[in-house]
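Listed here are the chains, written in short residue letters.
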Amino acid sequence: MARLVAIFWAVSLLFAASVAWADDPPEQAADDGPTVGVDATLARWNDKDMGAEWVTLERAQTLFAGATSIDSLDGTPPAAPVYVDDRLEGYMFLTIDATRSLGFSSQPFYIAVGLRLDGTLSGIDIVEHNEPIIDLYMLQERVPRFISQFPGIDIREPIRVRTTRVEEPGTIDGISAATISAVLFNDAIINAARKVAQGRGFTLSDEPMVDLIGFVDVGFPALVADGSVGRLRVTEAELAESSVTDPDLATNEQLLGLTVPRTDESTGEALITDLYFAPVTAPTIGRNLFGERKYNMFVSGRDHRDLMVLMMARGPYLFDQHKLQVSGALDRIRIAQNGKIFPLTREQYRFINFLPGKDKPAFTQIGLYWLKADEGIDPLAPWRLELVVSDRNGADSAVFGADYALAETYIVRPTKVASAPLNDGPIWLAAWQAQSTNIGILIAALIVLTGILLFMEQLTRRPKLFTAIRLGYLAFVLVWLGWIAGAQVTIVNVLTWLQAAVGDFSFDVFMSDPLIAVLILFVVVTFVLWGRGVFCGWLCPFGALQELLAKAARALRIPEWRPSFRVHRMMWPVKYAVLAVLVVLSFISMVDAGKAAEVEPFKTAISLYFIREWPYVLYAVTLLVAGLFIERFFCRFICPLGAAMAIGGKLRLRPLKFLRRRAECGSPCQLCAHKCPIQAIEPSGKINMNECFYCLDCQVAYYDEHVCPPLVAQRKRRERERDVPIVEPATA
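Because the structure is predicted, anything quoted here is derived from the model rather than measured.

Novice: Is there a simple way to explain the sheet that holds strand β17 (residues 397-404) in this structure?
Specialist: Hydrogen bonding along the main chain pairs the strands of a sheet, whether they run parallel or antiparallel. Strand order in the open sheet formed by four strands is β13-β12-β16-β17, with antiparallel pairing between adjacent strands. The sheet terminates laterally at β13 (340-345) and β17, the two strands that pair on one side only. Geometrically, the sheet is characterised by an average inter-axis angle of 30° between neighbouring strands, direction not taken into account.

Spelled out as structure tokens, the structure:
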């Protein structure tokens, strides 16, 4: 039998290796140039004539219809001029030479872009990418449809990938099931095009606009000093000159325990409010106030013709006294421009809890307001912020104001090109919004699972009820989590996160798939409490498929083969060897690692519903058939994801032992060891938590007084004592 096992392993590993290298190599440049590695730069594409091997007339003709000649790469960023009948038509360039071009896996991608002289894109050609998600779900045929949307796009206009089914102006379709990759491709294409245009002095701004490229790292005091941040200060002395005698100052409940300055630190005057405000679209203002993350979340990608004003107040008078309301007007604050009053409504207002950095004073209240251009506001023209100070009874009020004019430094005149950040918030946020229903279902399911684990004693004392719950939960995981929601965690996910962690880590990468992110965060918590078994035993769709088939096999009386503990122990380490090979390979080539990850049948059985080329289907079915005779065959002996989970399970707190054992377990009793379907209980009676799937079969036996030998003995002893006849004492 050991020889048969060894033969099976050899066949399996040969299959994985053949899959890894049997496919066609990545598409090369038109002249069969070398494949570019992870750290490739333009220098490694060096060619004496054109400057890079990807620069060919054939590629130019795919980007520019009718192209007849090209020149070599030149300028900053480097781009190659393209001619049609000796007339300059535009430029072609690689995104990676102009901007950050890292994909979902934190590996570079190489996209050739054609840019016309009028600022529109002429064509896109993906030279090479290393996106494992596209390869994992076999989405290669969707990439050409995605890039076909770019020709004709004007790089002056905001353009972003649509992450929902709702069509909106300024959006394009993404790559279904690879939205984050599409967003990253789009960002690189548009940003690189804008930088190339700027480097060549294109006149793309038909009218003045806010500069969306320029950024200087300056502190809050400097922004206030040069007028980038406006200031409206009202003291009690100034208020006393009005009709307001009892201003409606904030209560302790409204202030939520904040320490509020009531005097001006520089003059010692009693303070009503010290309100700082600034338009935050220009990066030098917005990024320095918000920080990179909040700027990208709240400001980036908005129309440059809109006015977004950040208000930061100190003092006891609040500009928004009802911050928990979500509708209605902000009746204490307004903006005036050219004699027109723009009332501020809560639908376009966002409360901000804090601003990063130690260069800013402690604010009582922070809020961001968004006035759209179609309301008539002009962010380049002077405007005035007005604060209405009312008394407590609302009968009297006074208006205080401060003027603001955007400095010329932050304005782009028609001789320049502005480059707007593209994403309306972090790129993962829209994916979470689109998946909100599925996220809710998954969280509810995880709460149910947590309840099962916390109340396992009460449930396992009722074997029939527990069996029904477990089989029902596994069916839910297989059908909804796996086949419907597509949330099958794979080793590709783990390798991608590993590469991101050791390289250019991106929080967006981890958060890009909401269901996978929620699952992994839950699993990490369960590592600490219960070890690796919660994921493998309860949350893996392919594992659920194997177990349900095994239960059906037992019901049909298909015989089960249980290898000896010695053979079993010899087979356990194989999955760790598979994991090690994949990890090493991922540092050499993520593309090859993604192909070698076909050792997991998850893509075939779960992601593609067995609709695939016959060798992959045969491999997956073979593993499932093996699982009919050896329960969870793949999980126990091959699965690299299971090996990674077992390593993660080392986080388990050793004092927490939820699985009960008796002194008799292992010596002399071996009942649980024989009942454990995956043989995770050693002959000594110890449960190997590195292999335990938390099926809880041992706990069902532990509490069953008709099954567990020590309990059976106790029950019989009680019955004998109860059946002993009571002898009445003799009477005299």
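Novice: What should I look at first to understand the packing of aromatic side chains in this one?
Specialist: Summed over all chains, the structure comprises 17 aromatic pairs. For the pair Phe602 and Phe634, a centre-to-centre distance of 5.9 Å together with 80° between the ring planes defines the contact as edge-to-face. Of the two residues, Phe602 is situated in helix α23 (residues 602-607) and Phe634 in helix α25 (residues 633-637); the sequence distance between them amounts to 32 residues. With a relative accessible area of 1%, Phe602 lands in the buried category. Assessed through its relative accessible area of 0%, Phe634 is described here as buried. Ring geometry for Tyr702 versus Tyr703: centroids 4.9 Å apart, planes at 80°, classification edge-to-face. Given a relative accessible area of 10%, Tyr702 falls into the buried group. A connected cluster of aromatic rings, assembled from ring pairs, spans Phe466, Tyr473, Phe476, Trp480 and Trp538. Over the face of the ring belonging to Trp370 we find Lys372, whose NZ or CZ atom lies 4.9 Å from the ring centre. Note that Arg612 overlies the ring of Tyr616, its terminal NZ or CZ placed 3.7 Å from the centroid.

Novice: What am I meant to see in a nonpolar patch on the surface here?
Specialist: Together, Val621, Val625 and Phe629 give the surface a local cluster of nonpolar side chains, amounting to about 210 Å² of exposed area. Structurally, the position occupied by Val625 is in helix α24 (residues 614-629). The partly exposed category is assigned to Val625, whose relative accessible area is 38%.

Novice: Before we go on, may I ask you to explain the pattern of salt bridges in this structure?
Specialist: Two side chains with opposite charge may pair up if their charged atoms get near one another. Using the criterion set out here, one finds 19 salt bridges in the structure. Put simply, Glu269 and Arg233 hold a salt bridge, and the shortest N to O gap is 3.4 Å. Separated by 36 residues along the polypeptide, Glu269 in the loop between α8 (252-255) and β10 (271-279) and Arg233 in strand β9 (residues 230-235) bring together distant segments of the chain. Overall, the relative accessible area of 28% leaves Arg233 in the partly exposed class. Of the charged contacts in the structure, one is a salt bridge between Glu457 and Arg461, with a shortest N-O distance of 3.1 Å. Taking the relative accessible area as the measure of exposure, Glu457 reaches 28% and is therefore partly exposed. According to the relative accessible area criterion, Arg461 is partly exposed, its value standing at 46%. Each member of the salt-bridge network shares a partner with another, and the members are Arg334, Arg384, Glu386 and Asp403.

Novice: Just to check I follow, could you spell out the sheet that holds β10 for this structure?
Specialist: Taking strand neighbours across the sheet as the criterion, the five strands line up as β9-β10-β11-β15-β14 in an open arrangement whose pairing is antiparallel. In this open sheet, the two strands that pair with only one neighbour each are β9 and β14 (349-351). Across this sheet, the average inter-strand angle for adjacent strands is 20°, counted without regard to direction. As paired strands, β14 and strand β15 (residues 365-371) are joined by three bridges and run antiparallel to one another. In the strand pairing of β15, Tyr349 is matched with Tyr369.

Novice: Sorry, what's going on with the pairing of strand β16 (residues 383-390) here?
Specialist: Successive residues of a regular strand alternate their side chains across the two faces of the sheet. The buried count for β16 comes to seven of eight residues, which makes it a mostly enclosed element. Sheet analysis places β16 next to β17, joined by eight bridges and oriented antiparallel. In the strand pairing of β17, Val388 is matched with Val399. What sits between the antiparallel neighbours β16 and β17 is a turn of six residues, in which Gly394 has the positive phi angle 80°.

Novice: Help me understand unusual backbone geometry in this model?
Specialist: Most peptide bonds take the trans configuration, and most residues that are not glycine carry a negative phi. Pro77 follows Thr76 through a cis peptide bond whose omega is -10°. Tracing the backbone shows Pro77 in the loop between β1 (69-70) and β2 (80-84). Note that the residue after Ser667, namely Pro668, is joined by a cis bond; omega there is 10°. Mapped onto the elements of the fold, Pro668 is located in the loop between α26 (640-648) and α27 (671-675).

Novice: Hey, could you run me through the confidence of the model for the protein in this one?
Specialist: Predicted coordinates in regions of low pLDDT should not be interpreted in detail. Counting all residues, the mean pLDDT for the protein is 79, and 77% of those residues have values of 70 or more. Considering only residues more than four positions removed or in separate chains, one finds that residues 1-50, a stretch of pLDDT under 50, has 78 contacts. Low pLDDT, under 50, characterises residues 415-424; the stretch is placed with 48 contacts to residues that sit more than four places away or in other chains.

Calculation rules
- Residue numbering note: each chain is counted from 1, following its sequence as written.
- In keeping with the model being predicted, local features are shown solely for residues with a pLDDT of at least 70 and side-chain atom pairs are shown and tallied solely at 80 or more, while totals for entire chains, interfaces and linings include all residues.
- The side-chain values count all of the structure's non-hydrogen atoms but skip hydrogen atoms and water molecules.
- Any two strands are treated as partners once DSSP identifies two or more bridges connecting them.
- Secondary structure follows DSSP: runs of H or I at least 4 residues long count as helices, runs of E at least 2 residues long count as strands, and numbering of each begins at the N terminus.
- Only the stretch in contact is used when a helix axis is fitted, and all axes are lines through C-alpha atoms; the angle between N-to-C directions ranges over 0 to 180 degrees.
- Note on aromatic pairs: the rings of Phe, Tyr and Trp (six-membered ring only in Trp) are paired at centre separations within 6.5 Å, and the planes decide the class, stacked below 30 degrees, edge-to-face beyond 60, tilted for the rest.
- Burial classes: relative accessible area under 20% of the type maximum marks a residue as buried, over 50% as exposed, and values in between as partly exposed (1.4 Å probe, protein chains only).
- Whether a charge sits over a ring comes down to the Lys NZ or Arg CZ being within 6 Å of the ring centre and within 35 degrees of the ring normal.
- Patches here are clusters of residues that have more than 30% relative accessible area and form no salt bridge, with a 9 Å joining cutoff for like charges and a 5 Å cutoff for nonpolar side chains (Val, Leu, Ile, Met, Phe, Trp, Tyr).
- Only the protein chains shown count as cover for residues, with accessible areas throughout obtained via the Shrake-Rupley method and a probe of 1.4 Å.
- Whenever Lys or Arg places a side-chain nitrogen within 4 Å of a carboxyl oxygen from Asp or Glu, that contact is recorded as a salt bridge.
- Per residue, pLDDT measures the predictor's confidence, with a range of 0 to 100.
- Whether two residues touch is decided by their heavy atoms; if any such pair falls within 4.5 Å, the residues are in contact.

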